[in-house]
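A look at the structure
Below are the chains, spelled out letter by letter.
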Amino acid sequence: MDKWKILSSQYLLRRKWMDVREDRVQLPTGVIIDEFHVLEYPDWVCVLPFTDDEEVVLVQQYRHGVERVCVEFPAGVVEPGEDVMEAAKRELMEETGYEATDWEYLGDCAPEPSRHSNRAHMVVARGAVRARAPRPDENEVISVLTLPVTELRQLIASDEFVHGVHHAALLLAFLNGAITL
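This section reports on the structure supplied with the text. Here, residues in each chain are numbered from 1, in the same order as that chain's written sequence. Totals for whole chains, interfaces and linings use every residue, but because this is a predicted model, local features are given only for residues with pLDDT of at least 70 and side-chain atom pairs only at 80 or more, for both listing and counting. Hydrogens and water are ignored here; the side-chain numbers use all heavy atoms of the structure.

1. A look at a nonpolar patch on the surface
Candidates for patches are residues over 30% relative accessible area with no salt bridge; among them, like charges are joined within 9 Å and nonpolar side chains (Val, Leu, Ile, Met, Phe, Trp, Tyr) within 5 Å. For every accessible area listed, the method is Shrake-Rupley and the probe measures 1.4 Å; residues are considered covered only by the protein chains on display. The salt bridge criterion pairs a side-chain nitrogen of Lys or Arg with a carboxyl oxygen of Asp or Glu, the two atoms within 4 Å. Together, Leu171, Phe174, Leu175 and Leu181 line one region of the surface with nonpolar side chains, adding up to about 390 Å² of accessible area. Tracing the chain through its elements places Phe174 in helix 3 (residues 164–175). For every residue, the accessible area (1.4 Å probe, protein chains only) is compared with the maximum for its type, and the residue is labelled buried under 20%, exposed over 50%, or partly exposed between those bounds. Accessibility expressed as a relative area gives 41% for Phe174, which makes it partly exposed. Per the convention used, a helix needs a DSSP run of H or I reaching at least four residues, while a strand needs a run of E reaching at least two, with both numbered from the N terminus.

Structural data, given as structure tokens:
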């Protein structure tokens, strides 16, 4: 299948965490879309941290887009020029105060490929232990939770665990044999 042809492109908004681009495109069929909007986000990483005591380390925070408190895996932006695994280690430490001894890259996905340009990378961290107090960014209010791995199924089915990429991370971890559910 052929790509769309970009006839013109302009930025409508440029911010630290998101740029909004408006493209005029021509489809392979000849149809022209005058205003197709693309959201350019930086790549980010999602960490599935497990302790040797068979617990999973999670964070709880308010998510304004859905206007509710959600339970998630630690996650955050991969800074420009930063290695994905280093970003994973940094995000785990910042958000939870935990570090881990064994790291495994699971893969990546496009969170919303029709309009978003970024990739979400997924990593498992085993041997997680609390090393210090969390130090989240100033725009984050986070609570750290630990949950027995045996309760993951119940969490996944709850209305607190709603992040689609975090569901994908669990699926990849399960398919790769990194975890059992």
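2. Observations concerning the layout of surface pockets
Considering only enclosed or pocket space, the largest pocket measures out at about 1,200 Å³ in volume. Those elements that place two or more of their residues in the lining of the largest pocket are strand 5 (55–63), strand 6 (68–72), strand 7 (75–77), helix 1 (84–96) and helix 3. Per element, the largest residue contribution to the lining of the largest pocket is 4 residues, and it comes from helix 1. Gly is put with the polar residues, along with every residue not named as nonpolar or charged; the nonpolar set is Ala, Val, Leu, Ile, Met, Phe, Trp, Tyr, Cys and Pro, and the charged set is Asp, Glu, Lys and Arg. Its residues assigned to classes, the lining of the largest pocket shows 15 nonpolar, 10 polar and 10 charged. Cavities and pockets are defined on a 1 Å grid built over the protein atoms alone: a cavity is a set of grid points where a 1.4 Å probe fits but cannot escape, while a pocket is an open set with protein on both sides within 12 Å along at least five of seven lines, and lining residues are those with an atom within 4 Å of any such point. Grid points are joined across faces, edges and corners, and a volume is the space filled by probe spheres set on the points. Here the second largest pocket defines a volume of roughly 230 Å³.

3. Some points on the nonpolar core
Residues Cys46, Leu48, Phe50 and Phe73 are the most contacted members of the largest nonpolar core, which totals 25 residues. At the level of secondary structure, the elements contributing two or more residues to this core comprise strand 4 (44–50), strand 5, strand 9 (102–109), strand 10 (120–126), helix 2 (152–157) and helix 3. The criterion used for residue contact is that any of the two residues' heavy atoms lie within 4.5 Å. The contacts of Phe50, once residues within four sequence positions are left out, are Glu55, Val56, Val124, Ala125, Arg126, Gly127, Ala128, Val149, Leu152 and Ile179. Buried Ala, Val, Leu, Ile, Met, Phe, Trp, Tyr and Cys residues that are joined via side-chain atoms within 4.5 Å together make up what is termed a nonpolar core. The next biggest cluster of nonpolar side chains, apart from the first, holds 15 residues, and it includes Val45, Val47, Tyr98 and Trp103.

4. What to know about helix 3
Expected span of a helix, by definition, is 1.5 Å for each gap between consecutive residues, and there is one gap fewer than residues. Between the first and last C-alpha of helix 3 there are 17 Å, a value that for 12 residues agrees with the 16 Å anticipated at 1.5 Å per step. Inspection of helix 3 places Val165, His166, Ala169, Leu170 and Ala173 among the buried residues, and these make up the whole buried set. Each buried residue of helix 3 sits inside an arc of 150° when the element is viewed along its axis, so together they form one side. The inward-facing, buried residues of helix 3 contact strand 4, strand 6, strand 7, strand 9, strand 10 and helix 2. Positive phi appears at Gly177, one or two residues downstream of helix 3, with a value of about 80°. What the arc covers is the set of directions going from the helix axis to the C-beta atoms.

So, to be careful, I would describe these as geometric facts and stop short of saying anything about function.
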